[in-house]
Amino acid sequence: MVTEPLIQVRALENHFGEHQVHDNLDLDLYPGEILGVVGGSGTGKSVLLRSIVGLHRPNGGTISVFGGDLMTMSPQQRSRTERRFGVLFQGGALFTSLTLQENIALTLIEHARLTRRDAEHLARMKLALAGLPPEAALNYPSELSGGMVKRAALARALALDPEVLFLDEPTAGLDPIGAAGFDALLRTLRDALGFSVFMVTHDLDTLYATCDRVAVLARGQVLVADSLDVVEQNPDPWIQDYFHGPRGRAVAGAHSRYAKEDH
Ligand SMILES: Nc1ncnc2c1ncn2[C@@H]1O[C@H](COP(=O)(O)OP(=O)(O)OP(=O)(O)O)[C@@H](O)[C@H]1O
């Protein structure tokens, strides 16, 4: 059986003035997969994410989402489509003047038209799902560690039970233990809830720990999108340096030792 992609990006063009960021870029996201998007700084990973979630209007190409063309949808169809997405931005982007519970309840009140009481009840469940202790619900973001804020932002991204979760550098700024905890949580939630993940990351540990496929952006296009085993073997100099440079070797070695211990 051939699985149809949930998201199909074709011939995407993006430029800012003379600066061409995407030039004929193609990429697919399949149901249930965790796709890691990597590439050098400024290769257009965030612009790609923003183009798909509707925060940036591309200069050309098509983005098909759940079978509909994002570029030609009516505003109503677009907003219905975007409701099936959850987005976690770098830094979390929580409202600092609201508690964690209120942050998530607000999303539920605005988009799912729940009463405040029901929204707060569901918000506490989402926070627990993201691995936060019950008492954290009444904390303000400034009272929590970076790792807890990331988890709260994840709880908010999951508030409306999205089919696709978009993550922009989810482990940036976390210490290695916090980052590993976030990676494990992401896989557990994906396995339990079945959503797909589009994740921009620089974190090699996260790639090895979570991703089913990895897409590498370079020179305005997707150079390769495949399993890590295949991507690592690509002769492109950036890929070779990224995966087989000192840091890449250390991470790959640690993960293969860990996999052996597991069997
Ligand atoms: N609103 C904008 N106006 C002008 N240029 C922009 C805008 N947004 C992005 N760019 C440019 O587009 C290019 C790609 O940016 P993008 O943020 O997608 O890169 P990235 O691959 O996510 O980089 P990094 O890994 O450093 O976060 C960069 O050169 C950036 O300066």
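Rules used throughout
- Residues numbered from 1 in each chain as written.
- Predicted model: local features only at pLDDT ≥ 70, side-chain atom pairs only at ≥ 80, totals over all residues.
- Heavy atoms only, no water.
- Pairing = 2+ DSSP bridges.
- Helix = DSSP H or I, 4+ residues; strand = E, 2+ residues; numbered from the N terminus.
- Axes fitted to C-alpha atoms, helices over the stretch in contact; angles between N-to-C directions.
- Near = heavy atom within 4 Å.
- Polar contact = N/O pair within 3.5 Å; in protein donor to acceptor, adjacent residues only side chain to side chain.
- Nonpolar A, V, L, I, M, F, W, Y, C, P; charged D, E, K, R; others polar.
- Phe/Tyr/Trp six-rings, centres within 6.5 Å; stacked < 30°, edge-to-face > 60°.
- Buried < 20%, exposed > 50% of the residue type's maximum accessible area, 1.4 Å probe, protein only.
- Contact = heavy atoms within 4.5 Å.

By the naming in an unreviewed UniProt entry, the protein is ABC transporter ATP-binding protein, taken from Marinobacter lacisalsi.

(A) Examining the sheet that holds strand β7 (residues 164-168) more closely. Judged by pairing direction, the sheet is mixed, and its six strands sit side by side in the order β6-β7-β8-β3-β9-β10 without closing on themselves. Pairing within the sheet leaves two strands with one partner each, and these edge strands are β6 (85-88) and β10 (221-226). Geometrically, the sheet is characterised by an average inter-axis angle of 15 degrees between neighbouring strands, direction not taken into account. Bridge count between strand β9 (residues 213-218) and β10: five bridges; the pairing is antiparallel.

(B) The arrangement of the site of the ligand in detail. Neighbouring residues of the ligand: Phe16, His19, Val21, Gly40, Ser41, Gly42, Thr43, Gly44, Lys45, Ser46, Val47 and His202. At 3.2 Å from an oxygen atom of the ligand is found a main-chain nitrogen or oxygen belonging to Thr43. A distance of 2.8 Å separates an oxygen atom of the ligand from a polar atom in the side chain of Lys45. The element contributing the most residues to the shell around the ligand is helix α1 (residues 45-53), with three residues. For the shell around the ligand, the residue count by class is three nonpolar, eight polar and one charged.

(C) A look at the packing of aromatic side chains. Tallying each qualifying case throughout the model produces five aromatic pairs. Centre to centre, the rings of Phe85 and Phe166 are 4.9 Å apart; their planes meet at 75 degrees, and the pair counts as edge-to-face. Of this pair, Phe85 sits in strand β6 while Phe166 sits in strand β7, and the two are 81 residues apart along the sequence. Residue Phe85 shares its accessibility class with Phe166, and that shared class is buried. By the ring-pair criterion, three or more aromatic residues cluster together here, those being Phe66, Phe85, Phe166 and Phe198.

(D) Highlighting the side chain of Asn234. Its location among the elements puts Asn234 in the loop between α8 (228-232) and α9 (237-244). Excluding residues within four positions of it along the chain, Asn234 makes contact with Val224, Ile239 and Gln240.

(E) Molecular detail of the pairing of β7. For β7, a buried count of five out of five residues is recorded, marking the element as mostly surrounded by other parts of the structure. Of the two faces of β7, the one holding Val164, Phe166 and Asp168 and the one holding Leu165 and Leu167 are both buried throughout. Across four bridges, β6 lies against β7 in parallel orientation. Considered in β7, the bridge of Val87 is made with Phe166. Relative to strand β8 (residues 196-200), β7 runs parallel, the two being bridged by five bridges.

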